[in-house]
Amino acid sequence: MLAYLIRRLLYALPILIGVNVITFALFFIVNTPDDMARMQLGVKRVTPEAIEKWKSERGYDKPLFWNDSAAGADKLSDTIFFGKSVKMFALDFGRADDGRDIAREITLRMGPSLVVAMPVFALGLFAAITFALLLVYFRATYLDFAGVVLCVGMMSVSGLFYIIGGQWLVSKIWHLVPISGYAEGMTAAKFVILPVIVSVLAGIGSSARWYRTIFLEEYTRDYVRTARAKGLSERWVLFRHVLRNALIPILTGAVVVIPTLFMGSLLIEAFFGIPGLGSYTIDAINAQDFAVVRAMVFIGSALYIVGLLLTDISYTLVDPRIRLS
Amino acid sequence: MKLVLLWSDILFFLLIAATVAGAVVASRTEHLRQCWRRVGQSRVGMGAAAVLAVFFLIGAVDSLHFRPQLPDSPQGEPRYSAEVLSALDVLLTPLRTRTEKTYSAPLATHLYAKETLDDAGRDFPPLQYPGTHLFGTDKVGQDVLYLTLKSIRTGLLIGTLTTLIMLPAAVFLGLLAGYAGGWIDDVIQYLYTTLNSIPGVLLIAAAVLMMQVAIDNHPEWFATSAERADARLLALCAILGITSWTGLCRLLRGETLKLRELEYVQAARALGVSGTRILWRHILPNVMHIVMIAIVMDFSGLVLAEAVLSYVGIGVDPNTISFGTMINTARMELAREPMVWWSLAAAFAFMFVLVLAANLFADAMRDAFDPRMVDR
């Protein structure tokens, strides 16, 4: 098991390096630092001195890969690639355009992101499974048909509609919770409840429909026929046999997103003014803060790879037939 | 007038031509005809197809672009307006030109806000074209129905071109990885795992930011602002495509792995048929249903994604009329007193109809083409 984990971690390394190279190419080779400086300072009438100043403030005034003017090992390390990309592996992300340390900012903002993302994940999963189970219990009836129609309708509505509509109805008309904002501690609840409900509603249509298909597929298996032939009641078959077996693909499929919960949700956080990593990313995109976007891409990929690893482990936990070796 | 052929127009008409060609081929092959007959038997599917056809017709008419001749240009050397119009603009001339001063409610006769009038103090001024704006007018007095109809083309382009741009690469790499195996398989798998592990929104954000830098630094690339907006739209399609081709590639790889071991492929190989020919003649036709299902299944998600991305500021050019830009400009209007709800409602309603039709049609197609579904 441990050997397997170590091997998987070693496999993850080339992928992270690949992500790093892609982001580096995207940010420094597609456009030179000069282009970025001109864009940030405004295209017209930029003096070369202003561009040089912008670059040296951010450490972009070095060669890309090989520094001839430096001595010894600095030839490799005193470059943009080393300073901006290699250091990310040591979780050193440098400073944002407003001078703040990105790594510190990230640790501060993880909390609020998690406070919203975790209930969304748990409640969303629970609600979708319950709803799908209900549809399967009443399968091939008008109730099932109406439920599927509802699911398709709900997944055809833009996520923006849920957010804007929810804010308008709950906050503006009913005055139940504040429209946006955030507070520490228990008072966070009143700010968090609406974003959570909105996200769960926005996601339930597609996931409930998908889970329903998984449940129905499970129903065609032989063990279900055996259970019925043995005289078990339909309810017992559904809850003791079908539910348990169908939960394996559902839960293992959900595990992959758990680490990425740290990243929060861009849209929800931006709309509801939650100071998490999602809104941090949005602000960085709007301010064209390249360093922050680069850092977020790296962290997001690393967390996704952790998620893949967790998925593998969770397979062995729920399905005794699978052994990691 | 002078015809303008934007890149997206060319691709859109190529797409329609390819669909027609595909239909001709399908009508000659027996098993494809059978599949389409199954689609035709689904009443919901055909209803959805009819709605989609109307949307595509609007999109096609909106893709015939031209620059009108200026009325005061001298004889012999005509001068053309910098504004690029489409055939749809001509058809909708009454909607396009009947602008008001600012907001007005659907089918209203008076403006939304009171103004100081010359004769009788403050009152709601009458509209210039009362009762003609089915969905009201927006902040600068443009007809909302006109804006929603213009948004359709953007949505359709994002929904279709995105999948099509990356389709050749996804199919080629997927088949190659599955058929060749060995180190080729490893390299391709590494490629898509790496791309896949970057969170989609962030990769799109990074790529769009970089594209903006490139476009802003090279204004000389584009003759008109329409061309610039078009280039940005296509670039967005390409970027979205890069983030979404990995799923299809993986599916195709898996299917090819399965097909490679089947008797008819083994027989072809034993008879000395070359690898490329086996891929082209024997494997590709048998994975085409996966490709088609992927195209229609991705469509609705992409239309929805466009709205979100444009809201975040990494979508289409702010001057391109799209559902996303409409929602983005309209979202603050709910806070007004009295509320301005009609632009938002119109954008969401049109988007809902388009996406719902696409979802229903995709389901009908999947049921008809997926061999696993046929038996049930």
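Since the structure is predicted, the reported quantities are computational estimates derived from the model, not experimental observations. (Residues numbered from 1 in each chain as written. Chains lettered and ligands numbered in written order. Predicted model: local features only at pLDDT ≥ 70, side-chain atom pairs only at ≥ 80, totals over all residues. Heavy atoms only, no water.)

Let us now look at the overall build of chain B. The helix and strand inventory of chain B stands at 14 helices and five strands. Taken along its principal axes, the extent of the C-alpha atoms in chain B is 95 × 50 × 45 Å. Looking at chain B residue by residue over its 376 residues, the buried ones come to 48%. Summing over all exposed atoms, chain B offers an accessible surface of approximately 18,000 Å²; the carbon and sulfur share of this is 64%. Here chain B holds 30 positive side-chain charges and 32 negative ones, and the gap between their average locations is 7 Å. (Helix = DSSP H or I, 4+ residues; strand = E, 2+ residues; numbered from the N terminus. Buried < 20%, exposed > 50% of the residue type's maximum accessible area, 1.4 Å probe, protein only. Areas by Shrake-Rupley, 256 points an atom, 1.4 Å probe, with all protein chains shown as cover. Lys, Arg positive; Asp, Glu negative; His and termini not counted. Charge placed at Lys NZ, Arg CZ, Asp CG, Glu CD.)

All names here are of chain A. On inspection of all chains with the given rule, the structure shows 17 salt bridges over all chains. Here Arg 139 makes a salt bridge to Glu 234, at a shortest N to O gap of 2.9 Å. Of this pair, Arg 139 sits in the loop between helix H6 (102–137) and helix H7 (142–155) while Glu 234 sits in helix H11 (residues 234–255), placing them 95 residues apart in sequence. On the accessibility criterion, Arg 139 (26% relative accessible area) is partly exposed. The partner of Arg 225 in a salt bridge is Asp 222, and the shortest N-O contact between them spans 3.5 Å. Of the two residues, Arg 225 and Asp 222 both sit in helix H10 (residues 222–229), three residues apart, roughly one turn of that helix. Asp 222 matches Arg 225 in its accessibility class, with the two residues each being exposed. (Salt bridge = Lys/Arg side-chain N within 4 Å of Asp/Glu carboxyl O.)

So, about the layout of surface pockets. Residue and element names in this part refer to chain B. In this structure, the second largest pocket occupies an estimated 640 Å³ of space. Taken together, 22 residues line the second largest pocket, and the ones lying closest to its centre are Val 84, Lys 150, Ala 226, Asn 319 and Ile 321. Those elements giving two or more residues to the lining of the second largest pocket turn out to be helix H6 (144–180) and helix H9 (225–260). Looking at the lining of the second largest pocket element by element, the count peaks at five residues for H9. (1 Å grid on protein atoms, 1.4 Å probe; cavity = no way out; pocket = protein on both sides within 12 Å on 5 of 7 lines; lining within 4 Å. Points joined across faces, edges and corners; volume = space filled by probe spheres on them.)

Looking now at the nonpolar core. In this structure, Ile 102, Tyr 211 and Phe 215 of chain A together with Ile 283, Ile 327 and Met 351 of chain B are the most contacted members of the largest nonpolar core, which totals 185 residues. Sequence-distant contacts of Met 351 of chain B, that is, excluding residues within four places in its chain, are made with Ser 158 of chain A together with Val 303, Leu 304, Ala 307, Phe 323 and Ile 327 of chain B. (Core = buried A, V, L, I, M, F, W, Y, C linked by side-chain atoms within 4.5 Å. Contact = heavy atoms within 4.5 Å.)

Our next topic: a nonpolar patch on the surface. Nonpolar side chains collect at one region of the surface, where Leu 134, Tyr 137, Phe 138, Leu 143 and Phe 239 of chain A lie side by side and expose about 440 Å² of accessible area between them. Within the element layout of this structure, Phe 138 of chain A appears in the loop between H6 and H7. (Patch = residues over 30% accessible without salt bridge, like charges linked within 9 Å, V, L, I, M, F, W, Y side chains within 5 Å.)

Turning our attention to the interface of chain A and chain B. On the chain B side, the residues contacting the 43 residues of chain A number 44 residues. Carbon and sulfur atoms supply 76% of the area that chain A and chain B bury against each other, a total of about 3,900 Å² over both sides. At the surface where chain A touches chain B, the tally comes to four residue pairs in polar contact (both at pLDDT 80 or more). Broken down by secondary-structure element, the contributors of at least two residues to the side of chain A that touches chain B are helix H1 (2–29), helix H2 (33–41), H7, helix H8 (159–173), helix H9 (188–219), helix H12 (266–272), helix H13 (277–287) and helix H14 (290–318) of chain A. The biggest single contributor to the side of chain A that touches chain B is H14 of chain A, with eight residues. Counted by class, the side of chain A that touches chain B contains 28 nonpolar, ten polar and five charged residues. (Buried area = accessible area lost by both parts, 1.4 Å probe. Polar contact = N/O pair within 3.5 Å; in protein donor to acceptor, adjacent residues only side chain to side chain. Nonpolar A, V, L, I, M, F, W, Y, C, P; charged D, E, K, R; others polar.)

A word on the domain arrangement of chain B. Residue and element names in this part refer to chain B. With domains assigned, chain B is organised as domain 1 (2–72 + 85–98 + 143–373) and domain 2 (100–142). Domain 1 and domain 2 are separated by 38 Å when their C-alpha centres are compared. Facing 16 residues of domain 1, the contacting portion of domain 2 comprises 17 residues. Overall, the association of domain 1 and domain 2 removes approximately 1,400 Å² of surface from exposure, summing both partners, and the carbon and sulfur fraction of that is 63%. (Domains from an automatic or database assignment.)

Once that is clear, we can look at the environment of Phe 161 of chain A. Tracing the backbone through its elements, the reader meets Phe 161 of chain A in helix H8. Owing to a relative accessible area of 39%, Phe 161 of chain A belongs among the partly exposed residues under this scheme. Taking the C-alpha atoms as reference points, Phe 161 of chain A and Ala 189 of chain A, 28 residues apart in sequence, are found 23 Å from one another. Apart from residues no more than four positions distant in its own chain, Phe 161 of chain A is found in contact with Gly 166 of chain A together with Phe 348 of chain B.

Here H8 of chain A spans 20 Å end to end across 15 residues, near enough to the 21 Å set by a 1.5 Å rise per residue. The set of residues buried in H8 of chain A consists of Leu 160, Tyr 162, Ile 163, Ile 164, Gly 166, Gln 167, Val 170 and Ser 171 of chain A. In this fold, the buried residues of H8 of chain A make contact with H7, H9 and H12 of chain A together with helix H11 (275–312), helix H12 (323–330) and helix H13 (342–369) of chain B. Its side-chain oxygen 3.2 Å from the backbone nitrogen of Leu 160 of chain A, Ser 158 of chain A forms the N-cap of H8 of chain A. One or two steps after H8 of chain A, the chain reaches His 175 of chain A, where phi turns positive at roughly 55°. (Expected span 1.5 Å × (residues − 1).)

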